[in-house]
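Spelled out from the first residue to the last, the chains are:
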Amino acid sequence: MREICSFTEYIIIGTGMSDRQIRAMADHVISEFGKPFGTEGLEQGRWVLLDYITSVIHIFQDDLRHYYDLEGMWFEAKRLHG
C-alpha cells in the first residue's frame with residue numbers, strides 16, 4: 001500500500017458470518033496485537049475497523065464487504081496472501 005496510500009502500509013480485509021463472530025475476531029486481534037490507535041464499529045459488529053497506524057484491519061459482514069468493495073477501491077495495491 002505504501003506506494004499508493006499515504007495513511008498506512010497494509011490494509012487487511014476479513015469477513016465474518018455474524019456480528020458476534022466479527023466482534024470475536026476483532027477481540028482476538030486486539031488481544032494478540034494490543035489496543036489499536038483507533039476503532040470503529042465494535043458495538044454493532046457489521047463492519048469493524050482497527051487502526052494500527054501501519055496496518056488498518058477491516059472485518060466485514062459479507063454483504064457490506066461486497067457493497068463497499070475495498071478490494072476494488074485499492075485494486076492497484078499489491079496483494080499478499082497468507
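Let me begin by describing the structure that accompanies this report. (Residues numbered from 1 in each chain as written. Predicted model: local features only at pLDDT ≥ 70, side-chain atom pairs only at ≥ 80, totals over all residues. Heavy atoms only, no water.)

**So, the packing of aromatic side chains**
The way to describe two aromatic rings as a pair is by their centre distance and the angle between their planes. Applicable threshold: Put simply, two rings from Phe, Tyr or Trp (the six-membered ring, in Trp's case) pair if the centres are within 6.5 Å, and we call them stacked under 30 degrees between planes, edge-to-face over 60, tilted for the rest. Strands here are runs of E lasting at least two residues and helices are runs of H or I lasting at least four, both read from the DSSP assignment and numbered beginning at the N terminus. Relative accessibility decides the category of a residue: with a 1.4 Å probe and only protein chains considered, values under 20% of the type maximum give buried, values over 50% give exposed, and everything between is partly exposed.
This model, assessed by the stated rule, comprises 4 aromatic pairs. The interplanar angle of 45° and the centroid separation of 4.7 Å between the aromatic rings of Trp47 and Tyr68 together place this pair among those described as tilted. Highlighted residues: Trp47 in strand S3 (residues 47-51) and Tyr68 in helix H2 (residues 62-68), separated in sequence by 21 residues. For Tyr68, a relative accessible area of 38% puts it in the partly exposed group. Aromatic side chains Tyr67 and Tyr68 sit 4.9 Å apart centroid to centroid with 90° between the ring planes, which places their arrangement in the edge-to-face category. For Tyr67, a relative accessible area of 64% corresponds to the exposed category. By the ring-pair criterion, three or more aromatic residues cluster together here, those being Trp47, Phe60, Tyr67 and Tyr68.

**What about helix H1 (residues 19-33)?**
Operational definition: Expected span of a helix: the number of residues minus one, times 1.5 Å. Read the arc as the range of directions from the helix axis to the C-beta atoms. We call two residues contacting when some pair of their heavy atoms lies within 4.5 Å.
Under the 1.5 Å per step criterion, the end-to-end length of H1 is 21 Å for 15 residues, consistent within 8% with the ideal 21 Å. All of the buried residues along H1 are Ile22, Ala26 and Val29. Buried residues of H1 fall within an arc of 55° about the axis and therefore sit on the same side. Seen from the open side of H1, the exposed residues pointing more than 90 degrees away from its buried face are Arg20, Ser31 and Glu32. Here the buried face of H1 lies against strand S1 (10-16), S3 and strand S4 (55-61). Positive phi shows up at Gly34, right after H1, with a value of about 90°.

**Regarding the sheet that holds S1**
As a reminder of what qualifies: Any two strands are treated as partners once DSSP identifies two or more bridges connecting them. The axes used here are C-alpha line fits, helices contributing only the stretch in contact, and every angle between their N-to-C directions lies in the interval 0 to 180 degrees.
On the basis of which strands lie adjacent, the open sheet formed by 4 strands has the order S1-S4-S3-S2 and mixed pairing. Strands with a single pairing partner mark the edges of an open sheet, and in this sheet they are S1 and strand S2 (38-40). Strand-to-strand twist of the sheet, defined as the mean angle between neighbouring strand axes without regard to direction, takes the value 10°. Looking at chain direction, S1 and S4 are connected through 7 bridges and run parallel. Each bridged residue has a counterpart across the sheet, and for Gly16 the counterpart in S4 is Gln61. Those strands touched by H1 are S1, S3 and S4, and its axis lies near 160° from that of S4.

Honestly, it's all geometry; don't read function into it.
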